[in-house]
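# Fold and contact review
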Amino acid sequence: MPSTTYVQSHKGAVSNTTMLKDVLAAQIPALRAEIKELVKAHGEKVISEVTIAQLYGGMRGVKALICDTSLVEPDRGLILRGHPINELTQCLPDDIFFLLCTGRLPSTAERADLQRALAERADVPDYVWDVMRALPADSHPMSMLVAGIIAMQHESVFAHEYAAGTLSTDDYWIATLEDALTLLARMPGLAAGIYRLRFGKGDLIPYDKKRQWGANYAHMLGIPDPSGEFTNLINLYLVLHSDHEGGNVSAFSCATVGSALSDAYYSVGAGLSGLAGPLHGLANQECLAFVLDIRDHFKGVPSDEQLVQYAWDKLNSGHVIPGYGHAVLRATDPRFTAFHEFGKRVCPGDEVFQIVDKMFRLIPDVLKKQGKAKNPYPNVDAGSGALLHHFGMTEVSYYTVLFSVSRAMGMLSQLVIARAMGYPIIRPKSVQTDWVKAQCK
Ligand code: CMX
């Protein structure tokens with residue numbers, strides 16, 4: 001199929017102008033000029049140095065990336081475009097995507113326009129379900145998600161227009177935004193479909209164009225929600241996990257792959273492959289597994305003494321306490337606080353939540369006494385699983401897919417901005433250990 005044919009039919013299928021695009025188009029020239037001037041005037045200024053410990057230590061703390069969508073401060077946690085995350089918990093998740101892309105929350109008209117654009121693009125094509133059904137029945141939900149996203153790559157407007165030679169460098173971001181909107185629109189349907197197929201939950205549930213993006217995800221999962229609180233939880237989850245700077249494994253992987261001008265499908269697929277790692281997004285399933293082990297071991301909620309002893313036994317046998325500690329944070333993660341508040345309001349009597357609550361009271365002191373973890377406080381993963389479990393979503397291997405739907409907002413907004421700013425291919429210099437040894441002589 002010639003690429004132009006596809007692009008035309010794609011443009012015929014959806015409205016390709018959004019207020020989001022117009023806002024970005026108005027902002028981008030000044031942002032480009034600002035960065036050009038900054039580099040011209042101060043390009044030689046040194047902002048970070050690299051020690052040998054950092055070289056062998058995962059580049060921790062090296063300032064070598066730009067990410068304008070969000071910032072993680074050790075004592076305050078996540079800040080999205082200047083807004084601390086705890087001030088955004090009442091927002092709709094699609095508002096957060098607008099915020100990440102543009103630096104401000106949408107007006108009522110802009111929100112409606114974005115919801116329309118997402119609804120127009122939301123249907124997951126049938127061929128994706130053929131791919132899903134062809135995968136081994138024991139596939140991890142994350143491998144299903146990545147396979148589904150990569151299967152849709154052939155629809156990339158950016159890839160087609162780039163191959164056809166119809167795209168000027170200045171307009172790369174426009175085609176990338178098209179892909180971003182389509183991929184983001186389809187993420188809830190794809191993710192919910194994976195839940196239903198993988199765990200035998202029955203037929204797929206179609207997108208309901210009357211509901212907004214996050215509520216549709218809750219709806220398509222098919223979990224009974226008479227009180228509406230499951231939908232509230234999904235919206236909160238999508239807001240809280242949306243972005244976390246540029247240096248975490250998924251954001252960095254997405255940006256690196258995207259910097260090769262790989263399209264949004266390839267880039268997000270790469271980022272989510274990183275999110276699937278146990279030290280990154282997969283940690284949330286381990287956290288709930290830990291809490292459930294405690295419940296099963298004590299046949300309910302343990303006493304304070306029992307829980308403290310259990311934690312020491314784990315630490316003394318060389319295990320970590322999942323959900324505690326962080327590479328950057330040095331305080332209780334405000335995202336944990338938001339989930340904790342939700343749990344106290346919605347399910348204070350749930351014994352799994354009560355164990356999470358008790359851990360929050362007791363584990364920091366245990367970790368402080370042990371003296372190893374630089375941050376003895378809970379991170380976002382410490383509490384989210386207990387809440388999902390409360391609503392009957394007990395399939396822990398699915399939790400990272402939920403995380404992925406949310407984090408796609410951060411990855412895609414970062415990608416659109418990188419294209420708009422014309423950031424070049426990422427290509428740091430590597431060195432050899434012999435060279436490092438020579439520097440030490
Ligand atoms: N329980 C026990 N020991 C811990 C610990 C915890 N929760 N967190 C850190 N430590 C230990 C480390 O294993 C390390 O021990 P060694 O010196 O023996 O290697 C020491 O404390 C220092 O580690 P750190 O500098 O404080 O932490 P890192 O930056 O190396 O690692 C993290 C951060 C999150 C991987 C780590 O705290 C951890 O493994 N936590 C448990 C798993 C978890 O909750 N992951 C979710 C991360 C959420 C996110 O990334 O957003």
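What you see is a predicted model, and the numbers here were worked out from it, not measured in a lab.

## Points about the nonpolar core
- With 112 residues, the main nonpolar core has Leu190, Tyr217, Leu272, Met359, Met393 and Tyr398 as its most contacted residues.
- Sort the elements by how many residues they give to this core and helix H19 (residues 399-421) lands first, with 14 residues.
- Setting aside its immediate chain neighbours within four residues, leucine 190 contacts Val124, Val128, Trp129, Met132, Leu145, Gly148, Ile149 and Met152.
- Counting residues in each nonpolar core, the second largest holds five residues, with Val157, Leu167, Tyr172 and Ala175 among its members.

## As for helix H8 (residues 157-164)
- The complete set of buried residues in H8 reads Val157, Phe158, His160 and Glu161. Buried residues of H8, viewed axially, fall in a sector of 165°; they line one side.
- The opening residue of H8 is serine 156, an N-cap whose side-chain oxygen sits 3.3 Å from the backbone nitrogen of phenylalanine 158.

## A few points about the site of the ligand
- As a structural note, the neighbourhood of the ligand is formed by 17 residues, with Arg60, Ile321, Gly323, Tyr324 and Lys374 the closest of them.
- Within the contact set of the ligand, a nitrogen atom lies 2.9 Å away from a backbone nitrogen or oxygen of isoleucine 321.
- At 3.5 Å, a side-chain N or O of histidine 326 approaches an oxygen atom of the ligand.
- In the complex, the protein chains occlude 71% of the 890 Å² of accessible area that the ligand would expose alone.

## A word on the layout of surface pockets
- Size it by volume and the second largest pocket reaches roughly 300 Å³.
- Thr89, Gln90, Asn232, Leu236 and Phe342 are the residues nearest the centre of the second largest pocket, which is lined by 15 residues in total.
- Listed by contribution, the elements that provide at least two residues to the lining of the second largest pocket are helix H11 (229-240) and helix H16 (334-346).
- Of the residues forming the lining of the second largest pocket, the biggest block, six residues, is contributed by H16.
- Within the lining of the second largest pocket, the residues separate by chemical class into six nonpolar, six polar and three charged.

What counts and what doesn't
- Per chain, the residues get numbers from 1 upward, laid out in the order the sequence is written.
- Whole-chain, interface and lining totals are the exception, using all residues; otherwise, since this is a predicted model, local features are given only for residues with pLDDT of at least 70 and side-chain atom pairs are given and counted only at 80 or more.
- Only hydrogens and water are set aside; all other atoms, that is, all heavy atoms of the structure, feed into the side-chain values.
- To define a nonpolar core, start from buried Ala, Val, Leu, Ile, Met, Phe, Trp, Tyr and Cys residues and group those joined through side-chain atoms within 4.5 Å.
- In this scheme, a residue with accessible area under 20% of its type's maximum is buried, one over 50% is exposed, and one in between is partly exposed, where area comes from a 1.4 Å probe on protein chains only.
- Put simply, DSSP H or I for four residues or longer makes a helix, DSSP E for two residues or longer makes a strand, and each gets a number counted from the N terminus.
- Residues are treated as being in contact if the distance between any of their heavy atoms lies within 4.5 Å.
- What the arc measures is the spread of directions leading from the helix axis to the C-beta atoms.
- In protein, a polar contact means a hydrogen-donor-capable atom and an acceptor-capable atom, both N or O and within 3.5 Å, with residues adjacent in sequence counting only if both atoms are side-chain atoms; elsewhere, any N or O pair within 3.5 Å suffices.
- For this description, a residue counts as near a given molecule or strand if any of its non-hydrogen atoms is within 4 Å of it.
- Here the open area of atoms and residues is found with the Shrake-Rupley method and a 1.4 Å probe, where only the protein chains shown may cover a residue.
- Points on a 1 Å grid, built from protein atoms alone, make a cavity when a 1.4 Å probe fits but cannot get out and make a pocket when they are open with protein on both sides within 12 Å along at least 5 of 7 lines; residues with an atom within 4 Å of a point are the lining residues.
- Grid points are joined across faces, edges and corners, and a volume is the space filled by probe spheres set on the points.
- Amino acids outside the nonpolar list (Ala, Val, Leu, Ile, Met, Phe, Trp, Tyr, Cys, Pro) and the charged list (Asp, Glu, Lys, Arg) are all regarded as polar, and Gly is one of them.

Keep in mind these values describe shape, not function.
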